[in-house]
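Spelled out from the first residue to the last, the chains are:
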Amino acid sequence: MDKIDLFERIVIDAYSVEIAFSGSGYEYPPMYLWREIGGEAVKAGWKKLLRGRDYVYPGIYLHIPFCASKCSFCQFFSRALKDRREIDVYLDYLDKEARLYKGIFGPFAWRTLYIGGGTPSLLSLRQLDRLFSGILYKYFNFSRCIQVAFESNPGSLDAKKLKLLKEYGVNRLTIGVQSMDEKVTSACGRAQKQEDVYRAFSQARNAGIEYISVDLMIGLPGQTSESIIDTHKRVYELKPDTVHFNAFFPSPPTQFVKSGGFLTERDIAHKNKLLCLAASLQDKKPIGNDEYGLPESDFAGRNIQLVDQIRHNSAYLGLGCSASSHINRCLRYMNTDDISGYYRALDKNTCPVFLGSRIDMRDEMIFYATANLRYKGISKKLFYQLFRRRIERVFARELEILEKMKKITVDKEYILSAMDSVYEYLAYSKYFYRDELLRKLQRIYRAGGPGSHQDYLRNFCSCR
Ligand SMILES: C[S@@+](CC[C@H](N)C(=O)[O-])C[C@H]1O[C@@H](n2cnc3c(N)ncnc32)[C@H](O)[C@@H]1O
Ligand code: SF4
């Protein structure tokens, strides 16, 4: 079967269900095809990469998997904290994991550090102090780091913690506000008061944190146009440097889906209407996918680690439960997402890795093309700088057909997406996939049965 027939089949399948995706949705090879891998492969991969010095803009991502309570909409790996001492134990194991890599990375200089979760701001002053000085800054070299980003939610921030974060170099703070409507947040199981947002925001400014970004959710159960307008008005009065709005995606790991929730076509239409409304309310210019910022924060105020991953195909090391990593032309992998499994692996002094996929140059180029199409578009020049190949040659067939289908536009410098929804993106970006992978996906789509993609969708996908 010719590639175009294969592709059309996939598109039809992709449209017949709203695709549930794990992880970021632009992972290549797709995460649901990853297989178990061993810690030795990870160590060998990093050593080889460092020897060859063939990487750009390396970053460290560290995951804190605890929250005050679990919000029903949240798709990230975290659970409600039962006892503060759980964090001390987790820090013991982060220390063990960091020590495993110490011998490999030595004085290697990292460009970015991103501490995400979960809710990193849940750590006490003492625990934050230990995380930075006893683990991160002890085992890794951040002397040339240009951004230390930290995720937080308003209820767990206070002036002393913010002062300490500033002292440890945090220069980008994300405050997860989600909504200023307490009816909406409390229906999602999130105990958040409007006063917390105002207080945390002014404390962060007073502490001198350079860039403050606010996360908002669009399309949460019970959210109305009035609620969105009110939230935007209140948030913009605070003058955050960037605002990121996330369309609620009911993916398999959310409590919403686990408890049988799904979005009807009407809900999806409502969500799309709210997204358009949110975009129209921006007094800032768009600087990326659903991200709005002040002109001066175009680059420095953004999540540079993410920009590096998408625009420069950077290497990154993930630390902590469920964190994922990328070793150029070698491996994409993730740590185990089960806290006791994470502890067990480290008790045996092995890397707590779980699933992964070997990757070569072609995989990297496919990842690069699909990930950049999701954001602003593919820069031909950057593609050449990274891979020493011209994108028009590497993906001649793919680009020709996507252009004919009017899903992309090609000019002298850029290949830009003309797809009008994330679902079109999820379907048409697959055209870059290798033929054999498309065939495999097609078999999985068609076969049904346990373990198949259909089964996965049937069990987990909440969009019906
Ligand atoms: C890892 S969470 C950390 C947020 C922080 N703990 C808080 O509660 O504000 C990062 C962001 O992902 C977004 N998010 C979480 N679940 C989502 C979902 N199912 N669909 C879309 N965005 C989601 C939220 O806006 C959230 O602020
Ligand atoms: S949104 Fe934040 S606080 Fe809520 S469960 Fe997710 S990570 Fe935790």
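Notes on the structure follow.

Observations concerning the overall build of the protein chain
And step 1. When you go through the protein chain residue by residue, the secondary structure sums to 19 helices and 18 strands.
And step 2. In the protein chain, which comprises 464 residues, the proportion classed as buried is 58%.
And step 3. Restricting the contact set of the protein chain to residue pairs at least 6 apart, pairs at least 24 apart contribute 74%.
And step 4. Total accessible area computed for the protein chain in this model is approximately 20,000 Å², and 52% of it derives from carbon and sulfur atoms.

A word on the site of ligand 1
And step 1. Neighbouring residues of ligand 1: 20 residues in total, closest F73, G117, Q178, R190 and N246.
And step 2. At a separation of 2.6 Å, an oxygen atom of ligand 1 approaches a polar side-chain atom of Q178.
And step 3. Between ligand 1 and the protein, one listed contact pairs an oxygen atom with a side-chain N or O atom of R190 at 2.7 Å.
And step 4. Relative to its unbound accessible area of 570 Å², ligand 1 is 92% covered by the protein chains.
And step 5. When contributions to the shell around ligand 1 are tallied by element, the ones reaching two or more residues are β6 (147–152), β7 (172–178), β8 (211–218) and β9 (242–247).
And step 6. Considering only residue class, the shell around ligand 1 consists of 7 nonpolar, 10 polar and 3 charged.

Considering the site of ligand 2
And step 1. Taken together, the neighbourhood of ligand 2 is formed by C67, K70, C71, F73, C74, S78, G118, T119, N153 and R190.
And step 2. Of the residues assigned to the shell around ligand 2, the class counts are 4 nonpolar, 4 polar and 2 charged.

Focus: the side chain of N328
And step 1. Relative to the assigned elements, N328 resides in the loop between β13 (324–327) and β14 (331–335).
And step 2. Relative accessible area serves as the criterion here: at 7%, N328 is assigned to the buried category.
And step 3. At 2.9 Å, the side chain of N328 and the backbone oxygen of N313 are in polar contact.
And step 4. With near-sequence residues (within four places) excluded, N328 lies in contact with L49, D54, Y55, N313, S314, A315 and E364.

So, the pairing of β9
And step 1. Pairing geometry for β8 and β9, over 6 bridges, is parallel. Its bridge partner lying in β9, M217 is registered against N246.
And step 2. Between the parallel pair β8 and β9, the chain is carried across by helix α8 (residues 225–237), and the sense of this crossover is right-handed.

Describing unusual backbone geometry
Glycine aside, the phi torsion of most residues is negative, and most peptide linkages are trans.
And step 1. Geometrically, the link from G117 to G118 is a cis peptide bond, its omega value of 25° lying close to zero.
And step 2. Within the secondary structure, G118 is located in the loop between β5 (112–117) and α4 (125–139).
And step 3. Residues other than glycine seldom take positive phi values, yet R53 does so here, at roughly 50°.
And step 4. The phi angle at K406 is positive, at roughly 65°, despite the residue not being glycine.

Regarding the pattern of salt bridges
And step 1. According to the stated counting rule, one finds 23 salt bridges in the structure shown.
And step 2. K380 is the salt-bridge partner of E392, the closest N and O atoms lying 3.5 Å from each other. Taken together, the residues span a long stretch of sequence, with E392 in helix α15 (residues 391–394) and K380 in helix α14 (residues 380–387) at a distance of 12 residues.
And step 3. Its relative accessible area of 29% is what places E392 among the partly exposed residues.
And step 4. According to the relative accessible area criterion, K380 is buried, its value standing at 14%.
And step 5. Here E392 ties to R390 by a salt bridge, and the two come within 3.9 Å at their closest N and O atoms.
And step 6. Residues joined by salt bridges that share partners form a network here, namely D360, D363, R434 and E436.

Conventions used here
Residues numbered from 1 in each chain as written. Chains lettered and ligands numbered in written order. Predicted model: local features only at pLDDT ≥ 70, side-chain atom pairs only at ≥ 80, totals over all residues. Heavy atoms only, no water. Helix = DSSP H or I, 4+ residues; strand = E, 2+ residues; numbered from the N terminus. Buried < 20%, exposed > 50% of the residue type's maximum accessible area, 1.4 Å probe, protein only. Contact = heavy atoms within 4.5 Å. Areas by Shrake-Rupley, 256 points an atom, 1.4 Å probe, with all protein chains shown as cover. Near = heavy atom within 4 Å. Polar contact = N/O pair within 3.5 Å; in protein donor to acceptor, adjacent residues only side chain to side chain. Nonpolar A, V, L, I, M, F, W, Y, C, P; charged D, E, K, R; others polar. Pairing = 2+ DSSP bridges. Right-handed = clockwise from strand over helix to strand, strands pointing away. Salt bridge = Lys/Arg side-chain N within 4 Å of Asp/Glu carboxyl O.

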